[in-house]
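One-letter residues, chain by chain:
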Amino acid sequence: MFTKYLHRDIIYGPVRSRRLGLSLGVNLWPKSHKVCSFDCIYCECGAYRASRGDDPRLLGGFVSPRQVADALQHAFDSGLTCEHITFSGSGEATLHPQFGDIVEAIRDVRDTMAPEVAITLLSNSTRVHDPAVRAAIERVDLPIMKLDAGEETLFRKLNHPAADVHFTDIIAGLKMLRRFHMQTMILDGDISNCGDAEVAAWIRQVGYLKPESVQLYTLDRPAPYKGIHKVGKERMQEIARQCERETGVQVDVFA
Ligand code: SF4
């Protein structure tokens, strides 16, 4: 049975994640629904229309950089430890109109309270073509950018983007990032990105974009869209090794 995961607070956790270890989450969005420019068929936050996220009427106002900094300071004051401070939560952090200021506010608290902790961003890549957003992403220690498909048709089936989000903009924006890691959800079923043709198209983009590494993962919990299922570790490893052979980019499997 699908269970929706929405976050109530600005700072949550720390949670132990498959890919990051002990991670303190940063959530910029309300507790009632996700705010995202995608509506991925596998989203743990549940199905909700994709939006630009910049309409305050939708949100009842945005959290401020000061609120985020205070919440993070409070978490550190309470004595918790973590390896990452991670933008994740119920949606896409880069949609926040003050995303850059929030990155700086988090850096200030981190530098004072826990300089060894990495600031990490899990992003769907839909705003990376915007120069101001790209500049803010460059200030994050570990940007992990989503690319689930190698071409537009499958991209639309998997990620259900908002009307003004285009695959070509994502590729162009990622190409302009100085450094990033890629994250790719691999799944199978009525909609699949693990067949030979789909994998070949995706590998071509990895070779073109040259991320520092790729994180491959598959479904961990039931998805809101019932026609999909997880991919076995053996197939995940095959895809990873093929990608490494053809691109020279390191691929890590989290399955
Ligand atoms: S990008 Fe993330 S938050 Fe947005 S719909 Fe996809 S899985 Fe959900």
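To start, this report covers the structure provided alongside it.

1. Details of the overall build of the protein
Next up, step 1: Each helix and strand counted, the protein has eight helices and 10 strands in total.
Next up, step 2: Here the C-alpha radius of gyration of the protein, 17 Å, is about what a compact globule of 255 residues would show, namely 18 Å.
Next up, step 3: Principal-axis analysis of the C-alpha atoms places the extent of the protein at approximately 50 × 35 × 35 Å.
Next up, step 4: Among the 255 residues that make up the protein, the fraction classed as buried is 55%.
Next up, step 5: Looking at the protein as shown, the accessible area adds up to about 11400 Å², and 50% of this sits on carbon and sulfur atoms.
Next up, step 6: In the protein, which carries 31 positive and 33 negative side-chain charges, the distance between the mean positions of the two groups comes to 2 Å.

2. A short note on the environment of Pro-65
Next up, step 1: By the element assignment, Pro-65 lies in helix H2 (residues 65–77).
Next up, step 2: Residue class for Pro-65 comes out buried when judged on its relative accessible area of 14%.
Next up, step 3: Distance in space between the C-alpha atoms of Pro-65 and Asp-108 is 11 Å, their sequence separation being 43 residues.
Next up, step 4: Residues within four places of Pro-65 in sequence aside, it is in contact with Gln-98, Asp-101, Ile-102 and Ala-105.

3. Some points on the site of the ligand
Next up, step 1: Taken together, Lys-34, Cys-36, Phe-38, Asp-39, Cys-40, Tyr-42, Cys-43, Gly-91, Asn-124 and Lys-146 form the complete shell of residues around the ligand.
Next up, step 2: Partitioning the shell around the ligand into residue classes produces five nonpolar, two polar and three charged.

4. What to know about the nonpolar core
Next up, step 1: Grouped together as the largest cluster of nonpolar side chains are 81 residues, with contacts concentrated most on Leu-28, Tyr-42, Phe-87, Ile-106, Trp-202 and Leu-216.
Next up, step 2: Counting residues per element, this core draws most heavily on helix H3 (residues 99–113), at six residues.
Next up, step 3: With residues near it in sequence (within four places) discarded, Leu-28 still touches Val-63, Val-68, Phe-87, Ala-93, His-96 and Ile-102.

5. Side note on the packing of aromatic side chains
Two aromatic rings, taken as a pair, are described by how far apart their centres are and by the angle between their planes.
Next up, step 1: The full count for this structure, using the stated rule, is four aromatic pairs.
Next up, step 2: Look at Trp-29 and Phe-62: their rings are 6.5 Å apart centre to centre, the planes differ by 70 degrees, and that puts the pair in the edge-to-face class. Pair noted here: Trp-29 is in the loop between strand E2 (21–26) and helix H1 (56–59) and Phe-62 is in the loop between H1 and H2, with a separation of 33 residues, a long-range link.
Next up, step 3: Trp-29 sits in the buried class, given a relative accessible area of 5%.

6. Remarks on the sheet that holds strand E10 (residues 250–254)
Next up, step 1: Across the sheet, which stays open at both edges, the eight strands sit in the order E1-E2-E3-E4-E5-E6-E8-E10 with mixed pairing between neighbours. Looking along the sheet, the strands with just one partner apiece sit at the ends: strand E1 (11–17) and E10. Across the sheet, the mean angle from the axis of one strand to that of its neighbour is 25 degrees, orientation sign disregarded.

7. Describing the pairing of strand E4 (residues 118–123)
Next up, step 1: Summarising burial for E4: five of the six residues are buried, a large majority.
Next up, step 2: Here strand E3 (residues 84–87) pairs with E4 via four bridges, running parallel. Each residue of the ladder has a partner; that of Phe-87, found in E4, is Leu-121.
Next up, step 3: Crossover connection from E3 via H3 to parallel E4: handedness right-handed.

8. Points about H2
Next up, step 1: Taking 1.5 Å as the rise per residue, H2 with 13 residues should run 18 Å; its terminal C-alpha atoms sit 18 Å apart, in good agreement.
Next up, step 2: Three or more residues of H2 are buried, namely Pro-65, Val-68, Ala-69, Leu-72, Ala-75 and Phe-76. For H2, the arc enclosing every buried residue in end-on projection is 125 degrees, short of the 170-degree limit, so these residues lie on one face. In H2, the exposed positions that point more than 90 degrees away from the buried face belong to Arg-66, His-74 and Asp-77.

9. What about unusual backbone geometry?
Next up, step 1: Here the amide bond leading from Gly-13 into Pro-14 is cis, since omega sits at 10 degrees, within 30 degrees of zero.
Next up, step 2: Structurally, the position occupied by Pro-14 is in strand E1.
Next up, step 3: Of note in the backbone geometry, His-160 takes a positive phi value of approximately 40 degrees without being a glycine.
Next up, step 4: As for its placement among the helices and strands, His-160 is situated in the loop between helix H5 (152–159) and helix H6 (167–176).
Next up, step 5: His-160 sits in the partly exposed class, given a relative accessible area of 38%.
Next up, step 6: Unlike most non-glycine residues, Lys-210 shows phi in positive territory, near 50 degrees.
Next up, step 7: Relative to the helices and strands, Lys-210 resides in the loop between helix H7 (196–209) and strand E8 (213–217).
Next up, step 8: Here Lys-210 falls in the partly exposed class, since its relative accessible area comes to 48%.

So, how was this worked out
- What you see as residue numbers is a count from 1 along each chain, following the sequence as written.
- For this predicted model, a pLDDT threshold of at least 70 governs which residues receive local features, and a threshold of 80 or more governs which side-chain atom pairs are given and counted, while totals over whole chains, interfaces and linings are taken from all residues.
- Hydrogens and water molecules were not included; the side-chain quantities draw on all heavy atoms of the structure.
- Strands are runs of DSSP state E lasting at least two residues, helices are runs of H or I lasting at least four, and both sets are numbered from the N terminus onward.
- Atoms counted for the radius of gyration: C-alpha only. Globule rule: 2.2 Å times the number of residues to the power 0.38.
- Exposure is judged per residue with a 1.4 Å probe applied to protein chains only, and the accessible area is read against the type maximum: over 50% gives exposed, under 20% gives buried, and values in between give partly exposed.
- Per-residue and other accessible areas were derived by the Shrake-Rupley procedure at a 1.4 Å probe size, with only the shown protein chains allowed to occlude residues.
- By the counting scheme adopted, Arg and Lys are positive, Glu and Asp are negative, and His together with the chain ends is not counted.
- Each charge is placed at NZ for Lys, CZ for Arg, CG for Asp and CD for Glu.
- Contacts are assigned to residue pairs with any non-hydrogen atoms lying within 4.5 Å of each other.
- Throughout this document, a residue counts as near a molecule or strand when at least one of its heavy atoms sits within 4 Å of that molecule or strand.
- Under the scheme applied here, ten amino acids are nonpolar (Ala, Val, Leu, Ile, Met, Phe, Trp, Tyr, Cys and Pro), four are charged (Asp, Glu, Lys and Arg), and all others, including Gly, are polar.
- Each nonpolar core is a collection of buried residues, namely Ala, Val, Leu, Ile, Met, Phe, Trp, Tyr and Cys, held together in the definition by side-chain atoms within 4.5 Å.
- Aromatic pairs are defined between Phe, Tyr and Trp rings, using the six-membered ring for Trp, whenever the two ring centres lie within 6.5 Å; interplanar angles under 30 degrees are classed as stacked, those over 60 as edge-to-face, and all others as tilted.
- We call two strands paired when DSSP finds no fewer than two bridges between them.
- Here the axes come from fitting lines to C-alpha atoms, over the contacting stretch only for helices, and the angles between their N-to-C directions go from 0 to 180 degrees.
- Clockwise travel from the first strand over the helix to the second, with the strands pointing away from the viewer, marks a crossover as right-handed.
- Helix span is expected to be 1.5 Å times the residue number reduced by one.
- When we speak of the arc, we mean the arc of directions from the helix axis to the C-beta atoms.

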